[in-house]
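Listed here are the chains, written in short residue letters.
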Amino acid sequence: MAGNGNENGGGDFSFSAAAARDALPRITTEKGAKTPTPSVCQDDTAPPVNFQTIDELHSLQKKRSAPTTPLRDGGVAGVIGTSGPTTPVSAETMLQSVSASLASLTRETGPKLIRGDPTSLAKVAHVPHTPTSPPAADVSDSGLKFTHVLHNLSPAELYEQAIKYEKGSFVTSTGALATLSGAKTGRSPKDKRVVKDETTAAELWWGKGSPNIEMDEQTFLVNRERAVDYLNSLDKVFVNDQYLNWDPENRLKVRIVSARAYHSLFMHNMCIRPTPEELENFGTPDFTIYNAGKFPCNRFTHYMTSSTSVDINLGRREMVILGTQYAGEMKKGLFGVMHYLMPKRKILSLHSGCNMGKNGDVALFFGLSGTGKTTLSTDHNRYLIGDDEHCWSETGVSNIEGGCYAKCIDLAREKEPDIWNAIKFGTVLENVVFDEHTREVDYSDKSVTENTRAAYPIEYIPNSKIPCVGPHPKNVILLACDAFGVLPPISKLNLAQTMYHFISGYTALVAGTEEGVKEPRATFSACFGAAFIMLHPTKYAAMLAEKMQAQGATGWLVNTGWSGGSYGSGSRIKLAYTRKIIDAIHSGSLLNATYRKTDIFGLEIPNEVEGVPSDILEPINAWADKDAYQDTLLKLARLFRNNFETFTNHKIGDDGNLTEEILAAGPNF
Ligand SMILES: Nc1ncnc2c1ncn2[C@@H]1O[C@H](COP(=O)(O)OP(=O)(O)OP(=O)(O)O)[C@@H](O)[C@H]1O
Ligand SMILES: O=C([O-])CC(=O)C(=O)O
Ligand SMILES: [Ca+2]
Ligand SMILES: [Mn+2]
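Description of the structure in this document. All values reported here derive from a predicted model rather than from experimental measurement.

Conventions used here
Counting of residues starts from 1 at the beginning of each chain's written sequence and follows it residue by residue. Chain letters and ligand numbers both follow the written order, the letters beginning at A and the numbers at 1. Reporting in this predicted model follows two pLDDT cut-offs: at least 70 for local features of residues, and 80 or more for side-chain atom pairs to be given and counted; totals over whole chains, interfaces and linings ignore these cut-offs and use all residues. Note: side-chain values were computed over all heavy atoms of the structure, leaving out hydrogens and water. The nearness test applies per residue and asks whether one of its heavy atoms lies within 4 Å of the molecule or strand. Any pair of N or O atoms that falls within 3.5 Å is considered a polar contact. Within protein, one atom must be able to donate a hydrogen and the other to accept it, and sequence-neighbouring residues count only if both atoms are side-chain atoms. Surface exposure here means Shrake-Rupley accessible area, sampled with a 1.4 Å probe, where a residue is shielded only by the protein chains that are shown. Runs of H or I in DSSP of at least four residues are treated as helices and runs of E of at least two as strands, each being numbered from the N terminus. Put simply, two rings from Phe, Tyr or Trp (the six-membered ring, in Trp's case) pair if the centres are within 6.5 Å, and we call them stacked under 30 degrees between planes, edge-to-face over 60, tilted for the rest. The buried label applies to any residue whose accessible area, calculated with a 1.4 Å probe on protein chains only, is under 20% of its type's maximum; exposed applies above 50%, and partly exposed to all values in between. For the purpose of charge, His is not counted, nor are the chain termini; Lys and Arg are scored as positive and Asp and Glu as negative. Basic side-chain nitrogens of Lys or Arg form a salt bridge, by our definition, when they fall within 4 Å of a carboxyl oxygen of Asp or Glu. When checking whether two residues touch, look at their non-hydrogen atoms; a contact exists if any pair is within 4.5 Å. In this analysis, the protein atoms alone were mapped onto a 1 Å grid. Cavities are point sets where a 1.4 Å probe fits without being able to get out; pockets are open sets with protein on both sides within 12 Å along at least five of seven lines; lining residues have an atom within 4 Å of a point. Grid points are joined across faces, edges and corners, and a volume is the space filled by probe spheres set on the points. Amino acids are sorted into nonpolar (Ala, Val, Leu, Ile, Met, Phe, Trp, Tyr, Cys and Pro), charged (Asp, Glu, Lys and Arg) and polar (every other residue, Gly among them). A pair of strands is considered paired only if DSSP assigns at least 2 bridges between the two. Between N-to-C directions, angles cover 0 to 180 degrees, with each direction set by a line fitted to C-alpha atoms, over the stretch in contact for helices. Metal sites are built from N, O and S donor atoms within 2.8 Å, or 3.2 Å for Na, K and Ca, and they leave out water, so they may look incomplete.

Details of the site of ligand 1
For ligand 1, the set of nearby residues contains 20 residues, the closest of which are Ser-369, Lys-373, Thr-375, Glu-416 and Arg-453. Backbone polar atom of Gly-372 to an oxygen atom of ligand 1: 3.1 Å apart, as the coordinates give it. Thr-374 is positioned such that a nitrogen or oxygen atom in its side chain is 2.8 Å from an oxygen atom of ligand 1. A total of 650 Å² of accessible area belongs to ligand 1 in isolation, and the protein chains cover 90% of it. For the shell around ligand 1, the elements supplying multiple residues, two or more each, are helix H10 (373–377), strand S18 (403–407) and helix H14 (575–587). Per element, the largest residue contribution to the shell around ligand 1 is three residues, and it comes from H10.

Below you can see the structure in the form of structure tokens.
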């Protein structure tokens, strides 16, 4: 039905063939000829009118969604703090739940909330209301105003909100939403705080090398109140109720309260999106983020060292963000929570990409930022399970997220077609530069930042595997972007070496983009994600060793960085070659290759890999200056040794032998 443009009152009708063909439209001037007879060709000078005013016409433009859809403006508005007789039960429940989330701890009351956009509901603010609780002694103006709740808006609605109200929001030529994240274009790990209470003091990793900088409960509450008061002072807040983890038994319900449509769309894309039915029965969230965005923390507050604060309280199951609009804080903050909760359930959380071949062979891709997790897990010949955060349980792997977060600097259609094509309507494109007229993005432009990013739902990758779960991994690939250019492009690792390199978490990038910076900077980040782990690295390492052993998985070290010299003299290994190497791992052909051992790092390197020039497989062969190679290799070996010193007193798992082997698996010189 439909499609003829002649629907009237929703009734079906079909054209009579004769009338439709030859007959000219019959002119009728008769007033009140309401119902067209199907056999008579419709005359558009006397249309059936379904509206009497312009406002009514506009109201027709938006068709009412099914009742389970979370929010529509116009018509019935849910109001909390009023008797609200017309509010649907589910909406009332949602508003009560959000009101509880946003309740002030000092005034002990939640704000008055209304569903929908303030501009389209101006009238509703006049609805007389009877307070649900008697006015507290310290009643304040903030307690008298309404805050509009934009609950789980659709991408289209969020686009409109962003473009209308958030400076720097534009639609690009491919339909993505370009946004600016403000002063911060990356995470602020130094401003991260974790509440140290009796439980977390005993459980978490604190002190040297740990990402967990303590704060006390009281200070957390001060920051929480600051964020909540800020959010309640706004005309409207965005609320996302979503899930984490595709493993249904270990799914987490998260609520994100934020001030910007950009943040709401980012999380819509990055977390798992509930179905309307799931949303209807969402209930109380397991974890809540209060994202006050640009609103700073108060520097006079204890433990605060800047205007930015990202605070995690595991006991209260809450996170507060003040003074940064970088959306990655939310994504990675929740990842930290998973790094705490999952190991308690004997599930290993991983900073890794993950994909699966047609035969069900699963590969994990570990690596620090910019080493290729997203690029290499997005593979046209394999199913994408996820690009960044996973769990490995008794039953296999599951993605934590519902979307991908790809680096876009120098993105090229030919090299990364699937990521390129994912940048379309619905995708959030952060901090990119585009032509003011055509809105075509220049991915090579670093004017705003080098860390330009695209956040898109995982189903935007054509061969994503939904639900994002898979069997136990067969290959564990450790990625390092070695800007010193001395690590081999590919080496096979034994279990102890895999653990050594996992705990080391090495990569070396080039420091910044400033002119003249030639020296690569080595980074060691335990478990390839020290910024997000909550427990001591050896806890995760022991779990990984146990799982790899039980499943007979093979470890690999892949250098996605430099070859033939360090940054400045050598060049980055071609993505096409790295893909060939990865193909050979997946296909199993590398397992049967012949290997030789390198000096110092003792890495097993294959004599050949199909499609890769053999002279780059052994790094020294690709260097013109052999002495420079030896010096650089030794320099890197020393950096590895120094870094590992902090781990030498730790036992890994119950297996004393393994600990010894791991310590021996480092460089020898
Ligand atoms: N040989 C190579 N292998 C992999 N990536 C390469 C290679 N050469 C260049 N690159 C580029 O390096 C970048 C890798 O970034 P990617 O988004 O995959 O990082 P990531 O590991 O997912 O980081 P994050 O955790 O920050 O998301 C991409 O921009 C990619 O185009
Ligand atoms: O969190 C971010 O900003 C991006 C990311 O994935 C990482 O750094 O590992
Ligand atoms: Ca990534
Ligand atoms: Mn990441």
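Quick look at the packing of aromatic side chains
Per the stated rule, a full pass over the model turns up 19 aromatic pairs. Aromatic side chains Tyr-243 and Phe-282 sit 5.6 Å apart centroid to centroid with 40 degrees between the ring planes, which places their arrangement in the tilted category. A residue pair is termed long-range when its members are at least 10 positions apart, and Tyr-243 in strand S7 (residues 236–244) and Phe-282 in the loop between helix H8 (276–280) and strand S9 (287–291) qualify at 39 residues. Like Tyr-243, the residue Phe-282 is buried in the burial classification. Judged by centre distance (5.4 Å) and plane angle (40 degrees), the rings of Tyr-506 and Phe-524 are tilted. Note that Tyr-506 is positioned in strand S26 (residues 506–510) and Phe-524 in strand S27 (residues 520–524), a separation of 18 residues in sequence. Take Phe-524: its relative accessible area is 21%, and that puts it in the partly exposed class. Of the aromatic side chains, those joined through ring pairs into one cluster are Tyr-500, Tyr-506, Phe-524, Phe-601, Phe-640, Phe-644 and Phe-647.

Focus: the side chain of Asp-482
Secondary-structure assignment places Asp-482 in the loop between strand S24 (473–480) and strand S25 (490–493). Within the buried set, Asp-482 has no salt-bridge partner at all; the shortest N-O distance to an opposite charge, 10 Å, is to Lys-635. Within the local environment of Asp-482, its side chain forms a polar contact with the backbone nitrogen of Leu-487, the two atoms lying 2.8 Å apart. Apart from the residues within four sequence positions on either side, Asp-482 is in contact with Leu-487, Tyr-506, Ala-508, Asn-559, Gly-561, Trp-562 and Leu-636.

Examining empty space enclosed by the protein
Gaps between atoms show up when a probe of the same size as a water molecule is rolled over them. A full pass over the atoms with the stated rule returns six cavities of 30 Å³ or more. Its boundaries defined by the atoms lining it, the largest cavity holds a volume of some 110 Å³. Lining the largest cavity, in full, are Arg-187, Ser-188, Pro-189, Lys-192, Val-310, Ile-312, Met-319, Glu-329, Lys-332, Gly-333, Ala-531 and Phe-532. Mapped by element, the contributors of at least two residues to the lining of the largest cavity are strand S10 (309–313) and helix H9 (328–344). With three residues, the top contributor of residues to the lining of the largest cavity is H9. Tallied by class, the residues present in the lining of the largest cavity amount to six nonpolar, two polar and four charged.

Some remarks on the site of ligand 2
Every residue lining ligand 2 is accounted for by Arg-187, Tyr-326, Lys-331, Lys-332, His-351, Ser-369, Asp-388, Tyr-405, Arg-453 and Phe-532. Take Lys-332: an N or O atom from its side chain is 2.7 Å from an oxygen atom of ligand 2. Contact between ligand 2 and His-351: an oxygen atom at 3.2 Å from a side-chain N or O atom of the residue. With the chains in place, 94% of the 260 Å² that ligand 2 exposes on its own is no longer accessible. By residue class, the composition of the shell around ligand 2 is three nonpolar, two polar and five charged.

Some words on the pairing of strand S17 (residues 396–399)
Relative to S17, strand S16 (residues 390–393) is paired through four bridges, and the arrangement is antiparallel. Bridge assignment links Trp-392 to a residue of S17, and that residue is Val-397. Counting the residues between successive antiparallel strands, the hairpin from S16 to S17 contains two residues. Relative to strand S23 (residues 469–470), S17 is paired through two bridges, and the arrangement is antiparallel. Looking at the pairing, Ser-398 lines up with Val-469 of S23.

Examining the sheet that holds S18
Reading across from one edge, S3-S4-S19-S22-S18 is the order of the five strands in this open sheet, with mixed pairing throughout. In this open sheet, the two edge strands, each paired with only one partner strand, are strand S3 (170–171) and S18. Here three bridges tie strand S19 (residues 428–430) to strand S22 (residues 453–457), and the two strands are oriented antiparallel to one another. Its bridge partner being in S22, Val-428 is matched across the sheet by Ala-455. In the packing of helix H7 (residues 261–270) onto the sheet, contacts are made with strand S4 (177–179), S18, S19 and S22, and the angle to S19 comes to roughly 120 degrees.

Comments concerning the coordination of the manganese ion (ligand 4)
Taken together, the protein ligands of the manganese ion (ligand 4) are Lys-332 (NZ), His-351 (NE2), Asp-388 (OD) and Asp-388 (OD), with distances of 2.2 to 2.7 Å. Expressed as a motif, the donor residue spacing for the manganese ion (ligand 4) is K-x18-H-x36-D. The calcium ion (ligand 3) is placed at 4.8 Å from the manganese ion (ligand 4). Here His-351 lies in the loop between strand S12 (348–350) and strand S13 (352–356) and Lys-332 lies in helix H9, a separation of 19 residues in the sequence. Residues Lys-332 and His-351 agree in their burial class; the two are buried.

Some words on H7
Helical geometry: 3.6 residues make up each α-helical turn, so side chains three or four residues apart lie on a common side. With ten of ten residues buried, H7 is to be regarded as a mostly interior element. Those residues of H7 not exposed but buried are Ala-261, Tyr-262, His-263, Ser-264, Leu-265, Phe-266, Met-267, His-268, Asn-269 and Met-270.

Quick notes on the pairing of S7
Burial of S7 is extensive: nine of the nine residues sit out of reach of the surface. A two-sided burial pattern is seen for S7, the buried positions comprising Lys-236, Phe-238, Asn-240, Gln-242 and Leu-244 on one face and Val-237, Val-239, Asp-241 and Tyr-243 on the other. Where strand S2 (residues 146–151) and S7 come together, four bridges link them in parallel fashion. Bridging across to S7, His-151 finds its partner in Val-239. As paired strands, S7 and strand S8 (residues 252–258) are joined by seven bridges and run antiparallel to one another. Directly across from Val-239, in S8, lies its bridge partner Val-257.

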